Amino acid sequence: MNTASSLSDCDPTRMAAAIRFLAVDAILEAGEGHQGVPLGMAEIATALFLRHAKFDPADPLWPDRDRFVLSNGHGSMLLYALLCLTGYAKISLDEVKRFRKLGSHCAGHPEFDPAAGIEVTTGPLGQGIGNAVGMAIAEENLRARFGADVSDHRIWAFVGDGCLQEGVGQEAISLAGHLQLGRLTFVWDDNRITDDGSTALSISEDVAERFRVAGWHVVEVDGHDVNAVSRAFDAAVLDPRPSLLACKTAIARGIARLEGRRGGHSAPIFAEDRAGMAETFGWTGERFAVPDDAAAAWTTVGRRGAAERAAWAERLASAAPAVRDEFLRSVEGRPGAHERAALQAVRSAAFAASEPVALIKSSGDACEALCTAAPDVIVACADLEAPTNHKRGLAAFTAEDRAGRYLHCGVREHVMAALSNGIAAHGGARPVAVTYLAFADYQRPSMRMAALMKLPVIFAFSHDSIGVGRNGPTHQPVEIIASLRAMPDMTVIRPADAVEAVEAWEIAASHREGPLSLIFARQAVPRLRSDADGENRTRRGAYVLREAEGARKVTLIATGSEVAIAVEARELLQQRGIGAAVVSMPCWSLFERQDAAYRASVLGPADGVRVGIEAAVKFGWERWLGIDDPFIGMTGFGASGSAEDLYRHFGITARAAADAAESALGRRT
C-alpha cells in the first residue's frame, strides 16, 4: 500500500508476536499443524501488511487489490492469523479455533477462497510460484488494456526452500525474469531447513544467484528485522525487474526446542513450548487472546485500504462507459457479447466444408474466433506454435508489449499450466494452455490443482493417439485420456469432427466451474455431422450420430477420430442385416449428467451389444460396456509407423469392430 503509519504508532514486534501466538494456539488446539512458517516469517508478514500490501478486508474481491500467494502453503496459519487480525469476516477467531477441523474455513492446506482473503496457498510445493507468475501476467495485461487508473497492483509470494527445489520453481524463475514481471516479488523464507533436515543434504548451489542470472533484482536481508525487510520491499517496488527478497530466518523461531531444527517444520508442540515462547517474547495473553495494543494495531492496518478502494471506485466510475463495462465483464468472468456469434460462424463453416480436416486446425479456427471476439482470452503454448496452430493473429506477450495475448512459454509445460491457474485465479483474463497430449503429464500437478480449485482453465491438446504416427509411442498418449477422465471436476472433451471441435469450444467459452481438457486429433478426419440445426449436441456428452436401420441390435460407441471408424463399421453391419447405431461420446462427464431416460435412449437396448471404440486403453470404458461387450482399442503402448498402418496393426478398424459386434451378438443368440 506504500503509505502507512510510522512504527511509532504501533510496535511491529508486538504485531509479529500476535501472528506467532495465534498460530501456535490454533496448532495446539488442532493437535497438529506446521508452525515453522508462521513463527519464522512473522516479522516479514508484518512488514508487508503493515506498510506495503494493498487490500481491504471489507471487500476481499476488490479487483485492484494486491495478490498474496502463500506458495509454502503448509504454513497456512500465517495467513489465517493475518486474515483474522486484519478483519476478514470469513476468518473469524472462532474459525481459527477450528483450524483443520471438518468444515472450517481454516483448512490444513487451503487452496483457493478469495472471498475469505485466500488467493492461492498451494499444498504441492512450487505450484504457488507458478500461480504468482500467472497473476503477474494477468495484472500486466489488464493494466495494458485498461490503464493504471483501473489496474495497478502487485503480486507478493511467500516461498520456501521446497518451492525453489521443485522443477516448476526454476521454470517460473526463468520465464518471469525473461518477461521482466516487475510487479512480482518472491519472498524466500531462507531458513536452510527442509523436512529431512538441513538443505545441505540435497543442494549446494547459491539459490539467490539463480535469480540474478535469470534477470531478477535480489535483496538479501535479515528476515527478523521488520525495518530491514520493509526497506527491501521499498527497493522491490522501485526496481523494474521481478524481485527476490532472500530473508534469512530461523524456522520455528521462539520455540527453543525446535528453533532452527528439522522438527521446527511440523513436529508436535506442547503447552510447555508456548509457555517458553511467551517468556521469550514477553507475551501475557491467554490462549487465543490478543492483547489490546496488538489487536488495535492490526485492526488499523485492516481498515487502511478502505480509502484507497474508494478512490479506485471513483476512478472506475469516471471511466468511459465502454471501458468500465468491459473491465467489469472481464473481472466478473462473463462471456463477451459477440463470442457466441463468432463461434457459431466457425461452426457453420465447419458444416459447409467437405474435405477432411485435422481437428487441431479446427480447434485453432475456433480459438482464433474466440480471441477476436473476447479480448480477455490469453493463449499460452509450450514451444509448439506451428504444429498446434493457435497463435494465428495474436501478438506475443513480451517485456515490451503487455497487451499481447500469446505467451511463448518455451519448453516449460509445467509452469505453463501453473501460470494458467494463476491467471484464472487472478481474474480478468481467461487462460488457454496448448500442447501435445503426451506432454499433459508434465502439467498434471497443475491440472489437478485447477480441478481441485475449480479454476476455469482451458487445456487444449493436440496429437491425441496413435494417429500421431511415425513419432512413435513416446508421443502416442494411449493412457492419458483415461487418467484425465479419472480426475474429479476435470471436463474432458474429445471431438469426432470439425463440428464437434467448435462445439467443444462453445462449451469451454461459457464454462466457469472447473477446467476443461479439449483433446484434438492431429490427423485429418471427415465431417460426420449433417444436422445444421443449431443444437450443440456435444453439450449432451453423447448422442446418436447414426441410428440403426431396423431394430437396433448393436450400438457402436466411439470418441474422437474413431467415430469415423464406427460409422464405417455400422455400414458393414447393416450390409450383414444387423441393425447398428453409432453413438458419438465426446464427453463422458457431460453425458453422466443427463437424465436416465436420455442416457438409455442413446446407449440402446439393455440386451443389445455395445462396442467401445477408442485408440486408447480400455480403462474406464467398463461403465458403458457390459462384461461381454467388445472394446476395440489399445492394450499397450503404440509403435512407430504411419497412422494408417498403426490403426491396422493394432486392429482398430471398421472390419474389426463389425466382426467383434457380430461375434458378440452370435454368443447371445
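Keep in mind that what you see is a predicted model, and the values were worked out from it rather than measured.

Engineer: For the overall build of the protein chain, give the residues involved together with the corresponding values.
Structural biologist: Scanning the protein chain for helices and strands turns up 26 helices and 20 strands. Over its C-alpha atoms the protein chain spans a radius of gyration of 28 Å, differing by no more than 12% from the 26 Å that the globule rule assigns to 669 residues. In the protein chain, which comprises 669 residues, the proportion classed as buried is 62%. Long-range contacts, defined as pairs at least 24 residues apart, comprise 77% of the intrachain contacts of the protein chain with a sequence gap of at least 6. Per element, the accessible surface of the protein chain, about 24,000 Å² overall, is 52% carbon and sulfur.

Engineer: So what's going on with helix H13 (residues 305-318)? Residues and values would help.
Structural biologist: For H13, built from 14 residues, the straight-helix expectation of 20 Å at 1.5 Å per residue is met to within 8% by its first-to-last C-alpha distance of 20 Å. Every buried residue of H13 is accounted for by Gly305, Trp312 and Leu316. The buried residues of H13 all sit within an arc of 40° when viewed along its axis, so they share a single face. The exposed set on the far side of H13, more than 90 degrees from its buried face, consists of Ala307, Glu314, Ala317 and Ser318. Those residues of H13 that are buried lie in contact with helix H12 (292-303) and helix H14 (321-332).

Engineer: I'd love a proper account of the pattern of salt bridges, names of residues and values included.
Structural biologist: Where charged atoms from two side chains of opposite charge come close, those side chains can pair. Within this structure, the stated rule accounts for 55 salt bridges. Note that Arg98 and Glu95 form a salt bridge whose closest N and O atoms lie 3.0 Å from each other. Exposure remark for Glu95: the relative accessible area of 14% places this residue in the buried category.

Engineer: Account for the packing of helix H4 (residues 76-86) against H12, with residues named and values stated.
Structural biologist: As a packed pair, H4 and H12 sit with axes 7 Å apart at the nearest point and diverge in direction by 85°. Comparing the axis directions of H4 and H12 gives the class roughly perpendicular. Listed contacts from H12 to Leu82, Leu85 and Thr86 of H4 are Trp298, Thr299, Val301 and Gly302.

Engineer: Go over the side chain of His34 with me, naming the residues and quoting the values.
Structural biologist: Among the secondary structure elements, His34 is positioned in the loop between helix H1 (12-30) and helix H2 (36-40). Relative accessible area serves as the criterion here: at 15%, His34 is assigned to the buried category. Among the polar contacts made by the side chain of His34, one reaches the side chain of Arg100 at a distance of 3.2 Å.

Engineer: Let's hear about helix H15 (residues 339-352): which residues, and what values?
Structural biologist: The end-to-end C-alpha distance of H15 is 20 Å, a good match for the 20 Å that 14 residues give at a rise of 1.5 Å each. Of the positions making up H15, those classed as buried are Glu339, Leu343, Val346, Arg347, Ala350 and Phe351. All buried residues of H15 lie within an arc of 145° about the axis, which places them on one face of the element. Looking at the buried residues of H15, the elements they touch are H14, helix H16 (359-373), strand E11 (430-436) and helix H21 (498-510).

Engineer: Just give me the short version of unusual backbone geometry, but keep the residues and values in it.
Structural biologist: Although it is not a glycine, Arg100 adopts a positive phi angle of roughly 70°. One can find Arg100 in the loop between helix H5 (93-97) and helix H6 (127-146). Here the phi dihedral of Arg392 falls at roughly 50°; this positive angle occurs in a residue that is not glycine. Tracing the sequence through the fold places Arg392 in the loop between helix H17 (385-388) and strand E10 (406-408).

Engineer: Lay out the side chain of Ser330 in plain terms, naming residues and giving numbers.
Structural biologist: Within the secondary structure layout, Ser330 lies in helix H14. Filtering out sequence-adjacent residues up to four positions away, Ser330 remains in contact with Arg145, Phe146, Asp376 and Gly428.

Engineer: How would you summarise the sheet that holds E11 if you had to cite specific residues and measurements?
Structural biologist: Strand order across the open sheet formed by six strands is E10-E9-E11-E12-E14-E13, with parallel pairing between neighbours. Each edge of the sheet is formed by a strand with only one pairing partner; in this case those strands are E10 and strand E13 (491-493). Within the sheet, the average angular offset between the axes of one strand and its neighbour, ignoring direction, is 20°. Summarising the sheet, strand E12 (residues 458-462) and strand E14 (residues 516-519) pair through four bridges and their orientation is parallel. By the bridge assignment for E14, Ala460 is matched with Leu518. On top of the sheet, H16 reaches strand E9 (377-381) and E12; it is set at about 145° to E9, its chief contact. Taken strand by strand, helix H19 (residues 440-453) contacts E11, E12 and E14, and its axis lies near 160° from that of E12.

Engineer: Describe the sheet that holds strand E19 (residues 609-617), listing the residues and the values that go with them.
Structural biologist: Across the sheet, five strands lie side by side as E16-E18-E17-E19-E20; this open sheet has mixed pairing. Looking at the sheet topology across the chains shown, the edges are occupied by strand E16 (543-546) and strand E20 (631-634). Averaged over all pairs of adjacent strands, the angle between their axes in this sheet comes to 25°, without regard to strand direction. As paired elements, E16 and strand E18 (residues 580-584) share three bridges and run antiparallel to each other. Among the inter-strand pairings, Tyr543 is bridged to a residue of E18, identified as Ser584. On the sheet, helix H24 (residues 596-603) packs against E16, strand E17 (554-558), E18 and E19 and is oriented at approximately 25° with respect to E16.

Rules used throughout
Residues numbered from 1 in each chain as written. Predicted model: local features only at pLDDT ≥ 70, side-chain atom pairs only at ≥ 80, totals over all residues. Heavy atoms only, no water. Helix = DSSP H or I, 4+ residues; strand = E, 2+ residues; numbered from the N terminus. Rg over C-alpha atoms; globule rule 2.2 N^0.38 Å. Buried < 20%, exposed > 50% of the residue type's maximum accessible area, 1.4 Å probe, protein only. Contact = heavy atoms within 4.5 Å. Areas by Shrake-Rupley, 256 points an atom, 1.4 Å probe, with all protein chains shown as cover. Expected span 1.5 Å × (residues − 1). Arc of directions from axis to C-beta. Salt bridge = Lys/Arg side-chain N within 4 Å of Asp/Glu carboxyl O. Axes fitted to C-alpha atoms, helices over the stretch in contact; angles between N-to-C directions. Parallel < 35°, antiparallel > 145°, perpendicular 65-115°, else oblique. Polar contact = N/O pair within 3.5 Å; in protein donor to acceptor, adjacent residues only side chain to side chain. Pairing = 2+ DSSP bridges.

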